[in-house]
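Below, each chain spelled out in residue letters.
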Amino acid sequence: MSLVMKPVRRKLDVRNGRVDLSHGSGGRAMAQLIADIFHDAFGNDWLRRNDDQASLDAQDGCLVMTTDGYVVSPLFFPGGDIGSLSVHGTINDIAMAGATPKYLSASFIIEEGFALADLKRIAQSMGDASRAADVPIVAGDTKIVERGKADGVFISTAGVGVLPHGLSLSSDKARPGDAVLISGSMGDHGVAIMSRRENLEFGVEIMSDSAALHGLTAAMVGAAGDALRVMRDPTRGGLAAALNEIAHQSNVGFMIDEELIPVKPQVAAACEFLGLDPLYVANEGKLMAICAPEAADVLLDAMRAHPLGREATLIGHVVEDERNFVEMTTRFGGGRIVDWLSGEQLPRIC
Amino acid sequence: MKYVDEYRDPKLAKGVAAAIAAEVDSGRIYRFMEFCGGHTHAISRYGVEDMLPNNVAMIHGPGCPVCVLPVGRIDDAIRLASDPRVTLCTYADLMRVPASRGANLLKARAGGADIRMVYSTLDALRIAEAEPEREVVFLAIGFETTTPPTALAIKQAKAKALRNFSVFCNHVLTPVAMRAILAGESDEATALDGIVGPAHVSTVIGARPYEFVANEYGKPVVISGFEPLDVMQSILMLVRQINEGRCAVENQYLRAVTHDGNARAQREMDEVFELRESFEWRGLGVVPHSALRLADAFAEFDAEKRFGVHTVAAADNPACECGAILRGAKKPTDCRLFGSLCTPETPMGSCMVSSEGSCAAHYAYGRFRDRSRARMERAAS
Ligand code: SF4
């Protein structure tokens, strides 16, 4: 019989436990946190190898890479949480290039005292989102900071995708005459977050639209190919910011029609109450596409055939305008410009 | 949403627009001032100007509380906030208003001052209760709409014997400002033909205080709701009065405004506040009896007394035309800085800060018209 005692491996007390500084110290507690929470939730061979990096097969085509930080508050909201959001958001950034997202990495900054149960729930939700999207999380990192130095948990994800040679979408490709399409209703995510923060009720619960859009974008690339010029997910700053950015980068203007932009009635009601304009409110599962005018119908059909694009619709056109204005015919019948948002104090929504 | 949608119905709007077009006398120009920033915002945001005939001009008035606060008072607020004992509570809109020497509250906060953004006086009161070791000062601004809530908060503070709450009062009076504008009119050609009267202010003070506009200045007033259709209907009512040679105070906003207003709110105001001998307005200058301060019975809650505030008048940026714009004498595009040096990101004057300010509203919603108008004017000349 050996005299060396093997220490009993205590399970992490996920139900009542809290993250403490030892979980970030590089010792056994940290290894256990990573294994029991993250490997368990993300479950794949890259992670199980426990290396400091993941080796990925070289891909044919152009590599597309992105990174994004998530600091949303509250961490859990109707229709999602910071975990699923951090997967969807990064996948979408790659998908908007017309690329196929392949791998993700995730880095966590966790505040001392954060409930392990919440961390587990967030990790599970990330794992579920990544499996559903078929984009594995192959590398990760965890840091614990002292109480008060973070707000619960911040997540940063990076992603790699592959773009077939020959395809090139970019914000400087919009041309006068091009059609402007959106995949569905505007403002759902931001309003879901804000109504949760303000404890507002509007009859029906407003759900975030957080979703991975690479299936939809693949169908769009398949249908329109080269005629597709720009894709954008209108996140922070909403549709207004996305249109203004493209107007500048392509040196064009836009003429859109407010009446054609779908906004859910409960979202419109909440915006009215909060003094917001849905065109400036963030979306996390919608996209805007600009395509050659002759491809608009084919593209719309392809979008509507996909579950995440059922409400896809044309909202206007690209016009020549050296001032790069986004002009809109209001629902009321007058005209105005849709400018960048300036200076409003909006809470952290992504 | 039904309640709101019916006041933004494009079909109804077209009907009113057609009536205005049919009834205006093409041989004359109608110059109407919308007094309130709320109206300015609605007109710009919904594109109401596009639905009016060319000879109906809307002139933006001074009814934007952020815009009319003079530089000296912002300087005072910054001085108050830099007292280490003080927590200054303010509306977010005021944070970026330019003060003297390029300062503003936002920069003061970044420099360490304890400045917090609140939605109402009651939020400030709550902070005072929760943090008894802080001297909580509420930076009160606004017309008669926001005055009763301030009065209420002061009375509550008194009832609770709060020792660490005070109000830096900048409440101003609508009818006095209206009179100052009318009294200042010198040029027949740019004189106003009528006024679109305040919505929310009038729910408090009623329709009666505007009667002098009709009786002494012979100009019609139509009190108007804040929805775009309200504004269009009010414009139609003004056109009709003028065409019929009448001038009266009419009330389009019947769903909220009565002749005498809200007696209880008026009582609260009278109890807590008293008239200042004079007060400086950005644009209108020093106007006698145009603002309120705390009455003696509530002097302990007056931040000016508690901290010995002595306002020093300070000059606006000399290139900024806010003053003339607030008097209705100029348009935002008459300012050399508009859209170049002065934008919502880099405001040089107060009218570019609040979304109710004329410059901000025109910048955010109306700029696309500038070129076409310039072209039209060139074609006409
Ligand atoms: S554009 Fe700016 S500087 Fe000019 S009047 Fe307006 S606020 Fe003042």
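Conventions we followed
- Residues numbered from 1 in each chain as written.
- Chains lettered and ligands numbered in written order.
- Predicted model: local features only at pLDDT ≥ 70, side-chain atom pairs only at ≥ 80, totals over all residues.
- Heavy atoms only, no water.
- Helix = DSSP H or I, 4+ residues; strand = E, 2+ residues; numbered from the N terminus.
- Rg over C-alpha atoms; globule rule 2.2 N^0.38 Å.
- Buried < 20%, exposed > 50% of the residue type's maximum accessible area, 1.4 Å probe, protein only.
- Contact = heavy atoms within 4.5 Å.
- Buried area = accessible area lost by both parts, 1.4 Å probe.
- Salt bridge = Lys/Arg side-chain N within 4 Å of Asp/Glu carboxyl O.
- Polar contact = N/O pair within 3.5 Å; in protein donor to acceptor, adjacent residues only side chain to side chain.
- Nonpolar A, V, L, I, M, F, W, Y, C, P; charged D, E, K, R; others polar.
- Disulfide = S-S within 2.5 Å.
- Domains from an automatic or database assignment.
- Pairing = 2+ DSSP bridges.
- Axes fitted to C-alpha atoms, helices over the stretch in contact; angles between N-to-C directions.
- Parallel < 35°, antiparallel > 145°, perpendicular 65-115°, else oblique.
- Near = heavy atom within 4 Å.

1. With respect to the overall build of chain B
Phase 1: Along the backbone of chain B there are 17 helices and 13 strands.
Phase 2: In summary, chain B has a C-alpha radius of gyration of 21 Å against a globular reference of 21 Å for 381 residues, a match within 12%.
Phase 3: For chain B, the spread of C-alpha atoms along the three principal axes comes to 65 × 45 × 45 Å.
Phase 4: Out of the 381 residues in chain B, the part that is buried amounts to 57%.
Phase 5: Contacts in chain B between residues at least 24 apart in sequence constitute 76% of all its contacts with a sequence separation of at least 6.

2. Quick notes on the interface of chain A and chain B
Phase 1: If you look at the interface, chain A gives 22 residues, while chain B gives 31 residues.
Phase 2: Both faces combined, the contact of chain A with chain B buries some 2100 Å², and carbon together with sulfur accounts for 55% of it.
Phase 3: Ranking the residues of chain A by area buried against chain B places A:E272, A:F332 and A:R336 at the top, with a combined share of 32%.
Phase 4: Where chain A touches chain B, the interface holds two salt bridges.
Phase 5: Where A:D339 meets B:R367, a salt bridge forms, and the shortest distance between an N and an O atom there is 3.3 Å.
Phase 6: Our enumeration of links across chain A and chain B arrives at six residue pairs in polar contact (both at pLDDT 80 or more).
Phase 7: Counting residues per element, the ones that place at least two in the side of chain A that touches chain B are helix 8 (265–274) and strand 13 (335–337) of chain A.
Phase 8: In the side of chain A that touches chain B, the residues fall into seven nonpolar, seven polar and eight charged.

3. A few points about the state of the cysteines
All names here are of chain B.
Phase 1: Scanning the model with the defined rule gives one disulfide over all chains in all.
Phase 2: With no disulfide of its own, C169 lies 16 Å from the sulfur of C89, the closest cysteine sulfur.
Phase 3: Assessed through its relative accessible area of 1%, C169 is described here as buried.

4. Points about unusual backbone geometry
Phase 1: A cis amide bond, omega 5 degrees, links A:S73 with the succeeding residue A:P74.
Phase 2: Mapped onto the fold, A:P74 is located in the loop between strand 1 (62–70) and strand 2 (76–77).
Phase 3: Positioned with a positive phi, A:N251 is a non-glycine residue whose angle comes to about 50 degrees.
Phase 4: As for its placement among the helices and strands, A:N251 is situated in the loop between helix 7 (238–250) and strand 9 (253–257).
Phase 5: Non-glycine residue B:R101 carries a positive phi angle of around 50 degrees.
Phase 6: Mapping B:R101 onto the fold places it in the loop between strand 3 (86–90) and helix 6 (105–110).

5. With respect to the domain arrangement of chain A
Residues and elements named next belong to chain A.
Phase 1: The domain architecture assigned to chain A consists of domain 1 (21–163) and domain 2 (179–337).
Phase 2: On a C-alpha basis, the centres of domain 1 and domain 2 stand 27 Å from each other.
Phase 3: With both chains or domains summed, domain 1 and domain 2 bury close to 1700 Å², and 63% of this area falls on carbon and sulfur atoms.
Phase 4: Broken down residue by residue, the surface that domain 1 buries against domain 2 is led by P78, N92 and M96, which jointly contribute 37%.
Phase 5: Our count for the domain 1 to domain 2 interface comes out at zero salt bridges.
Phase 6: Remark: the boundary between domain 1 and domain 2 carries seven residue pairs in polar contact (both at pLDDT 80 or more).
Phase 7: Among the elements that take part in the side of domain 1 that touches domain 2, helix 3 (residues 82–95) stands out by supplying eight residues, more than any other.

6. Digging into the sheet that holds strand 9 (residues 249–251) of chain B
Residue and element names in this part refer to chain B.
Phase 1: Pairing is parallel across the open sheet formed by five strands, whose spatial order is 2-1-7-8-9. If you trace the sheet from one side to the other, it starts and ends with strand 2 (56–63) and strand 9, each paired once. Recorded for the sheet is a direction-independent mean angle of 25 degrees between the axes of neighbouring strands.
Phase 2: Sheet topology places strand 1 (residues 30–36) next to strand 7 (residues 194–197); three bridges connect them, and they run parallel. Bridge pairing in strand 7 links F32 to G194.
Phase 3: Set on the sheet, helix 9 (residues 174–184) makes contact with strand 1, strand 2 and strand 7; between it and strand 1 the angle comes to about 150 degrees.

7. Notes on the pairing of strand 11 (residues 278–281) of chain B
Residue and element names in this part refer to chain B.
Phase 1: Every second residue of strand 11 is oriented toward a common face, the buried set being F279 and W281 and the non-buried set S278 and E280.
Phase 2: Where strand 11 meets strand 12 (residues 285–288), four bridges bridge the pair, whose relative direction is antiparallel. Its bridge partner being in strand 12, E280 is matched across the sheet by V286.
Phase 3: Between the end of strand 11 and the start of strand 12, which pair antiparallel, lie three residues, with G283 showing a positive phi angle near 95 degrees.

8. Focus on the packing of helix 1 (residues 28–42) of chain A against helix 4 (residues 116–133) of chain A
Residue and element names in this part refer to chain A.
Phase 1: Two numbers describe how helix 1 lies on helix 4: the axes approach to 7 Å, and their chain directions differ by 30 degrees. When the interaxial angle is binned, helix 1 and helix 4 end up roughly parallel. Listed contacts from helix 4 to L33, D36, I37, F38, D40, A41 and F42 of helix 1 are L116, L119, K120, A123, Q124, M126, G127 and R131.

9. Remarks on the site of the ligand
Phase 1: Lining the immediate environment of the ligand, one finds B:C320, B:E321, B:C322, B:I325, B:C335, B:L337, B:F338, B:C342, B:M348, B:G349, B:M352 and B:C359.
Phase 2: When grouped by side-chain class, the residues that make up the shell around the ligand number 10 nonpolar, one polar and one charged.

10. Side note on the environment of B:G142
All names here are of chain B.
Phase 1: By secondary structure assignment, the location of G142 is in strand 5 (residues 135–142).
Phase 2: Overall, the relative accessible area of 1% leaves G142 in the buried class.
Phase 3: Excluding its chain neighbours within four sequence positions, the residues that come into contact with G142 are P65, T147, N170, H171 and V172.

11. Quick word on the pattern of salt bridges
All names here are of chain B.
Phase 1: Using the criterion set out here, one finds 45 salt bridges over all chains in the structure.
Phase 2: Ionic pairing is found between E23 and R240, a salt bridge with its closest N-O pair at 2.8 Å. Linking E23 in helix 2 (residues 10–23) with R240 in helix 12 (residues 228–243), this pair joins segments that are 217 residues apart in sequence.
Phase 3: E23 gets classed as partly exposed once you look at its relative accessible area, which sits at 29%.
Phase 4: R240 sits in the partly exposed class, given a relative accessible area of 34%.
Phase 5: Measuring nitrogen to oxygen at the nearest pair gives 3.2 Å for the salt bridge that ties R282 to D316.

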